[in-house]
Structure formats: C-alpha cells, structure tokens
Amino acid sequence: INGKEINSILLEDAIKRKIPAVCHFDITHRCNLDCVHCYVVRQNRRELTTIEVKNILKQIADAGVIYLTLSGGEMLARRDFFEIASHARELNFSLKLLTNGVLITEKIAEQLAALCPEMVAISIYGTNTDIHDGITRVPGSFQKSMSALKILKERGVRLKISTIIMKQNVNEWLGIYKIAKKLGARFHADYRITP
C-alpha cells in the first residue's frame, strides 16, 4: 500500500464513520499584503489567543481530524505561529501550511522545515514583478515569495505553488506552472474565490 492508497482508505473510513478527518483553520485575518481578490474582511476583530487556538486544536484532534491546514490572512503574521504549529505537530496532525511567503527568512525557513509539514503552499500570481506585485499591491512581494520558495526547497520542504486565475493574470498560469515544475513543486490553479 502506498501513501495515496492509505490516504484514500483513511478518508473513506472517516466519511463512513462521520469523522471530520480534514480541517482548514484560518488562525488570523491579518495579512501583510493587500491582494485585489482578497475576501478577508479587514476589521478590528478580536483574534483568538494562543490558549484558545490550542484548545480548538485539541478539540479537533479529539474529534478525529488527521489533516490540518493552517492559513489566514497570513499565518506568519501571528507572533505565536510556531508555538501553535508545534502544538499541532504534538497532536500528530499532518500539517499543511498556506502562506504568501513574504515573511519567510532563512531562520523562519529553518523553523518551518523543523515542523516536517506535509507541504507548504505559497501563492504566486504572475511570472514577474509587475503582474504579481500589481495583484498583491505590495512592491517587492514577488521577489520575496520567490526567495521563500528557493530557501524552503534548499531545506527539503515539500512545496506547492497556488494561484488564482483572474483577468489580471489569465495569461500567466502556464508560466507559473513552469516555475513550479522547475522547483519540483506541486501546482494548483483555481478561478474560484470562496470566502
């Protein structure tokens, strides 16, 4: 039995037994980008405390969740992100991390690699600064996201490049796909934006 078969068996069993095997958890609404397509309502909302997040993680682990995706906003905008992610690993979640990559430095890349995530997905919206930064509305974000991919790859982290196809980048998906293949990363393109 290979990994894909085990995954299918686990998910089939979870469905039959009505166990929530998969959870996507946005741990913050804060973000360092201002993407044109973003659906996150930016208000002064109270953010869950570290203790509250850990309590929720314990509850979903007890409910049977195996596969946990941490995202946001930008998950790394939380100062306690690594405390939360480490707790998730202690609870034996298979961890996927969704980020824009802009905040990833060499040190943060080391910490992410130490978590042994199933995958880190980074959003890339174009093959150049003009298109990507035009969508994120933050100058320099393309270079920082591309740098994050490189330093994570150097540390053996499994990568995925995700993109949303919009009128601003409709002709970019093939180029983004080629970037993913060159890095040995998985690729996902979507035209749906679902809050």
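Residues numbered from 1 in each chain as written. Predicted model: local features only at pLDDT ≥ 70, side-chain atom pairs only at ≥ 80, totals over all residues. Heavy atoms only, no water.

Engineer: When you look at the overall build of the chain in this model, what are you seeing that I'm missing?
Structural biologist: Assigned secondary structure in the chain consists of seven helices and six strands. Traced from its N-terminal end to its C-terminal end, the chain shows the element sequence α-β-α-β-α-β-α-β-α-α-β-α-β. At 17 Å, the chain has a C-alpha radius of gyration in line with the 16 Å of a compact globule built from 195 residues. Taken over the C-alpha atoms alone, the chain extends approximately 45 × 45 × 30 Å along its principal axes. Burial analysis of the chain (195 residues in total) assigns 41% to the buried set. Of all intrachain contacts in the chain linking residues separated by at least 6 positions in sequence, the fraction that spans at least 24 positions is 72%. Accessible surface, the chain as shown: approximately 11000 Å² in total, 54% of it carbon and sulfur. Measuring between centres, the 28 positive side-chain charges of the chain sit 2 Å from its 20 negative side-chain charges. (Helix = DSSP H or I, 4+ residues; strand = E, 2+ residues; numbered from the N terminus. Rg over C-alpha atoms; globule rule 2.2 N^0.38 Å. Buried < 20%, exposed > 50% of the residue type's maximum accessible area, 1.4 Å probe, protein only. Contact = heavy atoms within 4.5 Å. Areas by Shrake-Rupley, 256 points an atom, 1.4 Å probe, with all protein chains shown as cover. Lys, Arg positive; Asp, Glu negative; His and termini not counted. Charge placed at Lys NZ, Arg CZ, Asp CG, Glu CD.)

Engineer: Before we go on, may I ask you to explain the nonpolar core in this structure?
Structural biologist: Buried together is how nonpolar side chains tend to be arranged in soluble globular proteins. With 41 residues, the main nonpolar core has Leu68, Leu70, Phe81, Ile104 and Leu112 as its most contacted residues. Residues in contact with Leu68, not counting those within four places in the same chain, are Cys23, Phe25, Leu57, Ile60, Ala88, Phe93, Ser94, Leu95 and Lys96. Core analysis: the next-biggest nonpolar cluster, separate from the first, contains seven residues, Leu33, Tyr125, Ile135 and Met166 among them. (Core = buried A, V, L, I, M, F, W, Y, C linked by side-chain atoms within 4.5 Å.)

Engineer: I'm lost on the pairing of strand β6 (residues 186-190) in this one. Help?
Structural biologist: For a regular strand, the rule is simple: side chains alternate between the two faces of the sheet. Relative to β6, strand β5 (residues 159-164) runs parallel, the two being bridged by five bridges. When the bridges of β6 are listed, Ile161 appears paired with Phe187. With helix α7 (residues 173-183) bridging β5 and its parallel neighbour β6, the resulting β-α-β unit is right-handed. (Pairing = 2+ DSSP bridges. Right-handed = clockwise from strand over helix to strand, strands pointing away.)

Engineer: Even after reading the chapter, I still don't get the packing of helix α2 (residues 50-63) against helix α3 (residues 81-90), so can you show me in this structure?
Structural biologist: How two helices pack is summed up by the angle between their axes together with the distance between the axes. Orientation of α2 relative to α3, taken along the N-to-C sense of each, is 20°, at an axis distance of 10 Å. As summarised for this structure, α2 and α3 are arranged roughly parallel, according to the angle between their axes. Between α2 and α3 the crossing geometry is right-handed. Residues Thr50, Val53, Lys54 and Leu57 of α2 touch α3, and the partners they reach there are Glu83, Ile84, His87 and Ala88. (Axes fitted to C-alpha atoms, helices over the stretch in contact; angles between N-to-C directions. Parallel < 35°, antiparallel > 145°, perpendicular 65-115°, else oblique. Left-handed = near helix turned anticlockwise from the far one by under 90°.)

Engineer: What is the right way to read unusual backbone geometry from this model?
Structural biologist: Of all residues except glycine, most have a negative phi; of all peptide bonds, most are trans. Phi is positive for Lys18, close to 60°, though the residue is something other than glycine. Looking at where Lys18 falls in the secondary structure, it is placed in the loop between α1 (3-16) and β1 (22-26). Of note in this structure, Arg137 is not a glycine but carries a positive phi near 60°. In this structure, Arg137 sits in the loop between α5 (129-136) and α6 (141-154).

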